[in-house]
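The chain contents come next:
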Amino acid sequence: MVRWQSVRRTVAELALVVASTALMVAGYYTISALVHRRAGVEPVGAQRLTDFAPISIGRRVTLPVFGRSPDTYAFVLVLSPDCPHCVAAAPLLRALTEQAARQGVRIVLALPDKAKDKAYAATLGARGTSTVDWVELGLKPLGTPMIILVDAGGTVVKYWLGEPSSATQHELINAVAHPSDVANYPRRLASGQPMFTESDLRATSGPDSITIVNLLERPQFKGTRYDYPAVNIPLDELRFRSLQELNPAKTQVIDCTVVATMVCDNAVKELRMKGFRAVAMDNSGSGECPDSAKNDGQ
Amino acid sequence: MSCSGLQVIGLCALLNLFSSLSSAAQGDALARYPPETLRKEATTVVLPMYPRSMLSLNKGGLVVVSVIVAPDGHVQSVQDLDSCDAAALDSVRSAVSRWQFTAIPRTSPFRDARRTTKLLFLFRLTDGRPTVVDLVAAEIESRGGKLTAASLEGGH
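No experiment lies behind these values; they were computed from the predicted model shown.

**Some details on the overall build of chain A**
Here comes step 1: When its secondary structure is counted, chain A shows ten helices and twelve strands.
Here comes step 2: Looking at the 298 residues of chain A, the share that counts as buried comes to 36%.
Here comes step 3: Pairs at least 24 apart in sequence give 72% of the contacts found in chain A among residues at least 6 apart.

In structure tokens, the structure reads:
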């Protein structure tokens, strides 16, 4: 009898240990998932934003074809509940939405999770004719808030990144009224200097006299190609590597298509401070390369 | 089984749960530092050796690694980002894993945070003489900044 009781006791203890371990493991994974979600990290197996190329002028977002005519444009508002600048941009977003409704221009809201974040977008006054998840864009947003003008085929014509200044707000309202006028509007550095386009470069420089500097991180750069000699130096490595790797006899052309204007401005300043001839390029005409051939800029 | 035995097991289960919750919450605390900022906090620095295999080929190049530093200042991991040569990468890994950084004070709210940054090393032959340049340190010094530790030659 005593032996039977002892067996029962051992079984009960074992059951408790198993239950407590199961509870511990479940708790760990639940909290891990919450922490990852809070940090914006997708769980393993899901489609990840890092798999996509960054949004840049000339690339196409995978939105439905809007076009009844080539003049049909849409504005994509990329927002996130974690973005304080989105709150600051709320009056502009509201004004843009109203202006777009008057003009018959489509607004697409792009949110990290459209099911959960749609109510948040509504609190900002941003209402879209349709709403998509970020991953549905097929390209990675460079930050938030990001306002992207796309043409009828989904090609990015221009984008505005970060909390808009009063000048940018004015420009955006005009862009909603006359989107087709925006296409050839040159971006400018903070210093006021206009950025080069690839056609400007072609007209003024031979391939031997320039090196294109791409500031993206290595995984994002992978697959990017240029018609000119190019080198990939991530932005945070530029100040360390420029003197070692760039040829001072050449003009260094920073590809600003893939980075915010302020970042581009800093990169140009950094190189000029080190004695290089540096210019900014807005429309690189870069495209996807099936193999990850890296161009050597030297 | 006595009632107190059951209570002990239950308490252990709860403690386990809380410790796992806390480790899950803290495990991802990784603070990204600009290279100069964390490099200035290095207290022990060992420079990589120039690999013989590269010397015999008259070869130079760049190695970029991402380093993760534990809260107590020791190097937890060295990850390859870009390397010109496998032997150069091994040399960098071996040297950098011996670096020490200042520990985060126990009173800091970030005492459990791990820190990460990039380190860049240039393997260069100047007039046939091999040199390994710590590019981040060189940049700090060129701007008049001060380093906590002097670099020790030869990591092996």
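**Here we look at the packing of helix H9 (residues 238-245) of chain A against helix H5 (residues 135-142) of chain B**
Here comes step 1: Relative orientation of the contacting elements H9(A) and H5(B) amounts to 95 degrees, with a least axis distance of 9 Å. If you check the angle between H9(A) and H5(B), you find them roughly perpendicular. Counting all contacts with H9(A), which are made through A:Arg239, A:Phe240 and A:Arg241, the residues of H5(B) involved are B:Leu135, B:Val136 and B:Glu139.
Here comes step 2: Its residues placed into classes, the contact of H9(A) with H5(B) shows three nonpolar, no polar and three charged.

**Remarks on the nonpolar core**
Here comes step 1: In terms of nonpolar packing, the biggest core is built from 43 residues, with A:Phe75, A:Val76, A:Leu77, A:Leu79, A:Ala110 and A:Ile148 touching the most fellow members.
Here comes step 2: Elements with a minimum of two residues in this core: strand S1 (74-78), helix H3 (90-103), strand S2 (106-111), strand S4 (146-150), strand S5 (156-161) and helix H5 (166-177) of chain A.
Here comes step 3: With 31 residues, the next largest nonpolar core counts B:Val45, B:Val64, B:Val69 and B:Trp99 among its residues.

**So, the sheet that holds S2(A)**
Residues and elements named next belong to chain A.
Here comes step 1: Taking strand neighbours across the sheet as the criterion, the five strands line up as S3-S2-S1-S4-S5 in an open arrangement whose pairing is mixed. The open sheet terminates on both sides in strands that have one partner only, identified here as strand S3 (130-133) and S5. When strand polarity is set aside, the average angle formed by the axes of neighbouring strands in this sheet is 20 degrees.
Here comes step 2: The strands touched by helix H4 (residues 114-123) are S2 and S3; relative to S2, the strand with the most contacts, the crossing angle is about 120 degrees.

**Structural notes on unusual backbone geometry**
Here comes step 1: Following A:Thr144, the chain continues to A:Pro145 via a peptide bond in cis, the omega torsion being -10 degrees.
Here comes step 2: Position of A:Pro145 among the secondary structure elements: in the loop between S3 and S4.
Here comes step 3: With a phi close to 60 degrees, B:Asn58 is a non-glycine residue in the positive phi region.
Here comes step 4: For B:Asn58, the location among the structural elements is in the loop between helix H3 (52-56) and strand S3 (61-69).
Here comes step 5: Phi is positive for B:Asp127, close to 50 degrees, though the residue is something other than glycine.
Here comes step 6: Positionally, B:Asp127 belongs in the loop between strand S6 (114-126) and strand S7 (129-134).

**Considering helix H10 (residues 261-273) of chain A**
Residue and element names in this part refer to chain A.
Here comes step 1: Given a rise of 1.5 Å per residue, 13 residues ought to cover 18 Å, and the 18 Å separating the end C-alpha atoms of H10 matches this to within 8%.
Here comes step 2: Within H10, the full set of buried residues consists of Cys264, Asp265, Ala267, Val268 and Leu271. Relative to the axis of H10, the buried residues are bounded by an arc of 165 degrees and lie together on one face. Of the exposed residues in H10, the ones pointing more than 90 degrees away from its buried face are Met262 and Met273.

Rules and cut-offs
- Residues numbered from 1 in each chain as written.
- Chains lettered and ligands numbered in written order.
- Predicted model: local features only at pLDDT ≥ 70, side-chain atom pairs only at ≥ 80, totals over all residues.
- Helix = DSSP H or I, 4+ residues; strand = E, 2+ residues; numbered from the N terminus.
- Buried ≥ 20, exposed ≤ 12 C-beta atoms within 10 Å, placed from the backbone.
- Contact = placed C-beta atoms within 7 Å.
- Axes fitted to C-alpha atoms, helices over the stretch in contact; angles between N-to-C directions.
- Parallel < 35°, antiparallel > 145°, perpendicular 65-115°, else oblique.
- Nonpolar A, V, L, I, M, F, W, Y, C, P; charged D, E, K, R; others polar.
- Core = buried A, V, L, I, M, F, W, Y, C linked by C-beta atoms within 7 Å.
- Pairing = 2+ DSSP bridges.
- Expected span 1.5 Å × (residues − 1).
- Arc of directions from axis to C-beta.

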